[in-house]
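Each chain, letter by letter, is given below.
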Amino acid sequence: MSELCNEAMKRVYHYLDGEMTWWRAREIRHHIDECPPCGEVFSFEEHFLKVVRTSLQEEPPPEILDRLREVLRIEGG
Ligand SMILES: [Zn+2]
């Protein structure tokens with residue numbers, strides 16, 4: 001994994017939440033277009049966030065809960 005990959009991974013949530021400056025977002029967009037592994041992670045997270053947001057009224061599937069616990073552990077660590 002390159003330095004850019006680390007950077008992109010660190011910022012995936014900020015990127016998806018639109019919590020970054022446009023030039024940062026553009027840098028990351030550029031990187032994930034060129035780097036398939038990062039692109040995969042980003043589209044997975046994007047899908048994941050979408051599922052979480054649309055299913056807040058319903059009980060989330062177990063794999064989502066597992067994933068959420070994992071994310072919270074990382075964020076909290
Ligand atoms: Zn990458």
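For the structure itself, consult the block above.
Just so it is clear, the structure is predicted and the values come from calculations on it, not from any experiment. (Residues numbered from 1 in each chain as written. Predicted model: local features only at pLDDT ≥ 70, side-chain atom pairs only at ≥ 80, totals over all residues. Heavy atoms only, no water.)

## Looking at a nonpolar patch on the surface
Taken together, the side chains of Leu65, Leu68 and Leu72 define a hydrophobic patch exposed on the protein surface, amounting to about 230 Å² of accessible area. On the secondary structure map, Leu72 appears in helix α5 (residues 62-76). (Patch = residues over 30% accessible without salt bridge, like charges linked within 9 Å, V, L, I, M, F, W, Y side chains within 5 Å. Areas by Shrake-Rupley, 256 points an atom, 1.4 Å probe, with all protein chains shown as cover. Salt bridge = Lys/Arg side-chain N within 4 Å of Asp/Glu carboxyl O. Helix = DSSP H or I, 4+ residues; strand = E, 2+ residues; numbered from the N terminus.)

## Quick word on the coordination of the zinc ion
For the zinc ion, the full set of protein donor atoms is Cys5 (SG), His31 (NE2), Cys35 (SG) and Cys38 (SG), and the range of their distances to it is 2.0 to 2.3 Å. In the primary sequence, the donor residues of the zinc ion line up as C-x25-H-x3-C-x2-C. Placement of Cys5 in helix α1 (residues 3-10) and of His31 in helix α3 (residues 22-34) is noted, with a sequence separation of 26 residues between them. With relative accessibility at 8%, the residue Cys5 sits in the buried group. We classify His31 as buried; its relative accessible area is 10%. (Donors = N, O, S within 2.8 Å, 3.2 Å for Na, K, Ca; no water. Buried < 20%, exposed > 50% of the residue type's maximum accessible area, 1.4 Å probe, protein only.)

## A short note on the packing of α3 against helix α4 (residues 36-54)
Closest axis-to-axis distance for the α3/α4 pair is 5 Å, and the angle between their directions is 115 degrees. Regarding the angle of α3 to α4, the classification is roughly perpendicular. Residues Ile28, His31, Ile32 and Glu34 of α3 touch α4, and the partners they reach there are Pro36, Cys38, Gly39 and Phe42. Of the residues contributing to the contact of α3 with α4, the split by class is five nonpolar, two polar and one charged. (Axes fitted to C-alpha atoms, helices over the stretch in contact; angles between N-to-C directions. Parallel < 35°, antiparallel > 145°, perpendicular 65-115°, else oblique. Contact = heavy atoms within 4.5 Å. Nonpolar A, V, L, I, M, F, W, Y, C, P; charged D, E, K, R; others polar.)

## What to know about the environment of Arg26
Among the structural elements, Arg26 can be located in helix α3. Exposure remark for Arg26: the relative accessible area of 56% places this residue in the exposed category. C-alpha separation for the pair Arg26 and Tyr15, spaced eleven residues apart in sequence, amounts to 9.6 Å.

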